[in-house]
Amino acid sequence: MVSGGVFMVEVRGLAMVVGSALDQSAPAYADDFAGREQLRASSAEFRKEVIQITDGVFAAVGYSASNVTLIQGDNGSIIVDTSANPVDAKAIIGAFGDRLVRPVRAILYTHNHPDHSGGANVFSGNDNPEIYSHQTLVEAGPELGRGQRDGGDAFGTKLPDELFINAGTQIEYGRVTPHTREGYLPPTRTFSGESLTIEVAGAEMQLIHTPGESPENTAIWLAAKGVSRCN
């Protein structure tokens, strides 16, 4: 599994560790919390890399707060989630290289948190792709995530550098390159109910409504390749 974009195959499995949100009022205990070594070890999981999941399916890991998936179609590409901002999106396009074949025919949002939807305009370019999501995404409107709700800081974004190790499920969460809505593009095609089967650039996939982290969460099932992509 890869957090921030989970493949139902073993891809650099990440440990979900609580520990980046240390109590800043008690720095004397910074080296004593139980997950310290596990958290440090997990940093290796976030190294920048493009991983081939199966034939024609690739994941860009470590370039942004969430992973971006490239599905190669006939004379075009499909992108699942678009990173946290245009800066990260440009870096991921460079990392994909010639594996990303223009035009981008479709962009699929698993949900609308900025780290998954903030770089859509860069992937879209001048290709005018269809942008798919569940209808709930449109009805609910933008959600800025839950890392700092109720006064907390689940990803350690405000920790001083000497205390920060990583964000637990990713290398950093908005500390270097902030999440923005600058690159967000609204969906052009939505579905209601439990699922929708679509074909894009010769690739058939099922979009499955899987509410969880957000009410619009959507998983993508590529039966022909035996791969499921979800948040």
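Draft legend 1. Region of interest: the pattern of salt bridges. Per the counting criterion, the structure on display carries 5 salt bridges. Here Arg36 ties to Glu37 by a salt bridge, and the two come within 2.9 Å at their closest N and O atoms. Given a relative accessible area of 45%, Glu37 falls into the partly exposed group. Across the salt bridge formed by Asp81 and Arg229, the nearest N and O atoms sit 3.5 Å from each other. A residue pair is termed long-range when its members are at least 10 positions apart, and Asp81 in the loop between strand 5 (76–80) and helix 2 (86–96) and Arg229 in strand 12 (residues 227–230) qualify at 148 residues. Accessibility expressed as a relative area gives 0% for Asp81, which makes it buried.

Draft legend 2. Focus on helix 2. Listed in full, the buried residues belonging to helix 2 are Pro86, Asp88, Ala89, Ile92, Ala95 and Phe96. Each element contacted by the buried residues of helix 2 is listed here: strand 2 (49–54), strand 3 (57–61), strand 4 (68–73) and helix 4 (120–124). Backbone geometry just after helix 2 places Gly97 at a positive phi near 60°.

Draft legend 3. Molecular detail of the packing of aromatic side chains. Taken as a whole, this structure holds 1 aromatic pair when the rule is applied. With 5.7 Å between their ring centres and 10° between their planes, Tyr109 and Tyr184 make a pair best called stacked. Linking Tyr109 in the loop between strand 6 (104–108) and helix 3 (114–117) with Tyr184 in the loop between helix 5 (135–140) and strand 8 (189–191), this pair joins segments that are 75 residues apart in sequence. With relative accessibility at 1%, the residue Tyr109 sits in the buried group. By relative accessible area, Tyr184 is classed as partly exposed at 23%. Directly above the aromatic system of Phe58 lies the positively charged group of Arg99, at a separation of 5.6 Å from the ring centroid.

Parameters at a glance
- Residues numbered from 1 in each chain as written.
- Predicted model: local features only at pLDDT ≥ 70, side-chain atom pairs only at ≥ 80, totals over all residues.
- Heavy atoms only, no water.
- Salt bridge = Lys/Arg side-chain N within 4 Å of Asp/Glu carboxyl O.
- Buried < 20%, exposed > 50% of the residue type's maximum accessible area, 1.4 Å probe, protein only.
- Helix = DSSP H or I, 4+ residues; strand = E, 2+ residues; numbered from the N terminus.
- Contact = heavy atoms within 4.5 Å.
- Phe/Tyr/Trp six-rings, centres within 6.5 Å; stacked < 30°, edge-to-face > 60°.
- Lys NZ or Arg CZ within 6 Å of the ring centre and 35° of its normal.

Note that every value here comes from positions in space, so none of it alone points to a role or purpose.
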